[in-house]
Amino acid sequence: MQLRGGSSKGLYFLADDLPLDEAVRNQVILTAIGRDERQIDGLGGADALTSKVAIVSPASRDDADIDFLFVQVVVGKNQVDITPNCGNILAGVGPFAIEAGLIAASEGKTFVRVHMVNSGKICELELCTPNKQMQYEGNESIDGVPGTSAPVVCNYLDVAGSICGALLPTTNLIDDIQGTLVTCIDNGMPVVMIKAQALGVTGSESPQTLNDNVPLRERLERIRIEAGQRMNLGDVTHKAIPKMCLISPAQNGGLINTRTFIPHQCHSSIGVLGAVTVATGCILPGTVASDLVHICSGQNKRISVEHPSGKFDVSLLVDEQGSLPSITKAGVLRTARLLSKGTLFVPSSLFCQEK
């Protein structure tokens with residue numbers, strides 16, 4: 001099936017319908033999405049946001065209902081990356097599981113606990129299912145997506161250090177990398193936060209303007225490569241993480257303004273877990289964001305993260321008893337829509353590699 005999840009779009013597969021061998025599976029996925037920059041021979045949309053895959057299966061652990069493995073096809077590189085999560089594609093996992101008969105919908109609301117295989121963490125999805133049917137139409141809107149849809153509430157539980165092993169994988173609130181002060185943080189998504197001003201830009205530029213700035217992108221990549229090593233990610237040359245996030249003062253009533261690279265092109269919005277991680281970086285005292293934001297006290301914090309397409313609201317449940325605030329739950333509102341069901345054709349020769 002093809003679904004829009006949040007502000008992304010992807011192909012959703014039952015794990016049983018794909019080859020067991022990971023190498024063969026990846027070749028099938030690359031062919032399905034498209035291998036070249038235009039993805040002319042696949043179903044991708046020549047953009048990182050539309051080159052995504054969800055692989056769904058029955059849960060492998062007792063505290064979950066389903067397993068979800070996220071696969072990012074790196075546009076134009078003929079390769080995949082299963083290191084990161086994707087909170088947008090996650091929003092479509094519950095609807096897909098219901099449509100595929102993997103789980104049964106309840107009357108009114110259906111709660112689906114998803115084991116995010118990439119990180120080993122749990123997210124609880126709240127879906128609208130009147131008459132035990134998945135409902136897609138509704139009145140909720142999210143920036144980056146036209147129109148309105150039924151809400152999909154995503155509650156992330158204890159996702160600190162999902163990929164890097166620690167919320168602050170370098171152990172520092174601020175690091176000096178390549179002569180630039182950064183905050184390396186992972187609350188569901190490895191992110192390197194950098195003040196836009198430190199790189200000679202304002203942070204309010206359009207994604208296209210930033211993408212056309214070759215010296216900026218080259219400098220960001222040098223920082224990203226070194227940050228990846230420091231964040232316990234190894235050589236990230238061919239990985240989609242860490243995400244590079246330029247931050248600047250909010251301009252439209254939010255808390256912080258962002259421009260995110262995933263990893264080499266500036267995103268037209270911001271990813272779900274990227275927004276959660278940036279919001280977390282904003283509430284920790286002593287990060288590169290600290291002098292750009294004002295955080296109110298209290299356990300429940302609503303953080304509005306500005307991005308090129310609008311804003312992304314994140315609700316954080318915070319334990320402030322320790323030396324640093326600890327995030328116990330991060331909630332976001334997404335929407336999803338089933339776009340198509342059908343038969344995907346790939347060359348049969350790909351499957352011969354399994355034999």
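Everything numeric in this text was worked out from a predicted model, so none of it was measured. (Residues numbered from 1 in each chain as written. Predicted model: local features only at pLDDT ≥ 70, side-chain atom pairs only at ≥ 80, totals over all residues. Heavy atoms only, no water.)

Caption draft 1: Region of interest: the pairing of strand β4 (residues 66–74). Across the nine residues of β4, nine count as buried, placing the element largely inside the fold. The alternating pattern of β4 places I66, F68, F70, Q72 and V74 on one face and D67, L69, V71 and V73 on the opposite face, and all of these are buried. Pairing between strand β3 (residues 52–58) and β4: seven bridges, direction antiparallel. Bridged to V56 within β4 is F68. Bridge count for β4 against strand β6 (residues 108–116) is three bridges, and the pairing is parallel. Its bridge partner lying in β6, I66 is registered against V114. Pairing of β4 with strand β5 (residues 79–81) involves three bridges; the strand directions are antiparallel. Bridge pairing links V74 to Q79 in β5. (Buried < 20%, exposed > 50% of the residue type's maximum accessible area, 1.4 Å probe, protein only. Helix = DSSP H or I, 4+ residues; strand = E, 2+ residues; numbered from the N terminus. Pairing = 2+ DSSP bridges.)

Caption draft 2: Fine view of the side chain of S269. Topologically, S269 is positioned in the loop between β13 (256–261) and α6 (272–283). For S269, a relative accessible area of 2% puts it in the buried group. Among all residues touching S269, those that are not within four sequence positions of it are S7, H307, P308 and S309. (Contact = heavy atoms within 4.5 Å.)

Caption draft 3: Structural context of the layout of surface pockets. One number sums up the size of the largest pocket: a volume of about 760 Å³. For the largest pocket, the lining is made up of 37 residues, of which D47, A48, I262, P263 and Q265 are closest to its centre. Elements that contribute at least two residues to the lining of the largest pocket include exactly β4, α2 (87–91), β12 (243–249) and α6. Taken domain by domain, the lining of the largest pocket gets at least three of its residues from each of domain 1 (2–156 + 336–351) and domain 2 (175–324). Roughly 420 Å³ of internal volume is contained in the second largest pocket. As for the second largest pocket, its lining consists of 19 residues, and the residues nearest its centre are M1, F13, G342, T343 and L344. (1 Å grid on protein atoms, 1.4 Å probe; cavity = no way out; pocket = protein on both sides within 12 Å on 5 of 7 lines; lining within 4 Å. Points joined across faces, edges and corners; volume = space filled by probe spheres on them. Domains from an automatic or database assignment.)

Caption draft 4: Expanded view of helix α5 (residues 214–230). Compared with an ideal rise of 1.5 Å per residue, which puts 17 residues at 24 Å, α5 spans 25 Å between its outermost C-alpha atoms and is within 8% of the ideal. Every buried residue belonging to α5 is among L216, L220, E221, I223, R224, A227 and G228, and all of these are buried. On its buried face, α5 sits against β9 (175–177), β10 (180–186), β11 (190–195), α4 (207–211), β12 and β13. The N-capping residue of α5, defined by a side-chain oxygen 3.1 Å from the backbone nitrogen of L216, is N213. Count one or two residues on from α5 and you reach N232, which has phi positive near 70 degrees. (Expected span 1.5 Å × (residues − 1). Polar contact = N/O pair within 3.5 Å; in protein donor to acceptor, adjacent residues only side chain to side chain.)

Caption draft 5: Layout of the environment of K132. With respect to the helices and strands, K132 occurs in the loop between β7 (121–129) and β8 (151–157). K132 sits in the exposed class, given a relative accessible area of 51%. Those residues in contact with K132 that sit more than four places away from it in its chain are A105, S106 and E107.

Caption draft 6: Just the domain arrangement of the protein chain, in detail. Here the domain parsing of the protein chain yields domain 1 (2–156 + 336–351) and domain 2 (175–324). A C-alpha centroid distance of 25 Å is found between domain 1 and domain 2. On the domain 2 side, the residues contacting the 15 residues of domain 1 number 18 residues. Each partner contributes to the roughly 1300 Å² buried at the junction of domain 1 and domain 2, and carbon and sulfur atoms together form 62% of this total. Where domain 1 meets domain 2, there are zero salt bridges. For the side of domain 1 that touches domain 2, the secondary structure elements donating two or more residues are β5 and α2. For the side of domain 1 that touches domain 2, the class distribution of residues is five nonpolar, eight polar and two charged. (Buried area = accessible area lost by both parts, 1.4 Å probe. Salt bridge = Lys/Arg side-chain N within 4 Å of Asp/Glu carboxyl O. Nonpolar A, V, L, I, M, F, W, Y, C, P; charged D, E, K, R; others polar.)

Caption draft 7: Main features of helix α1 (residues 22–33). Over its twelve residues, α1 runs 16 Å from end to end, which matches the ideal 16 Å to within 8%, given 1.5 Å per residue. Close packing links the buried residues of α1 with β2 (8–14), β3, β4 and β5. Of the residues that open α1, the one with a side-chain oxygen 3.1 Å from the backbone nitrogen of A23 is D21. Positive backbone phi, approximately 120 degrees, marks G34, located one or two places after α1.

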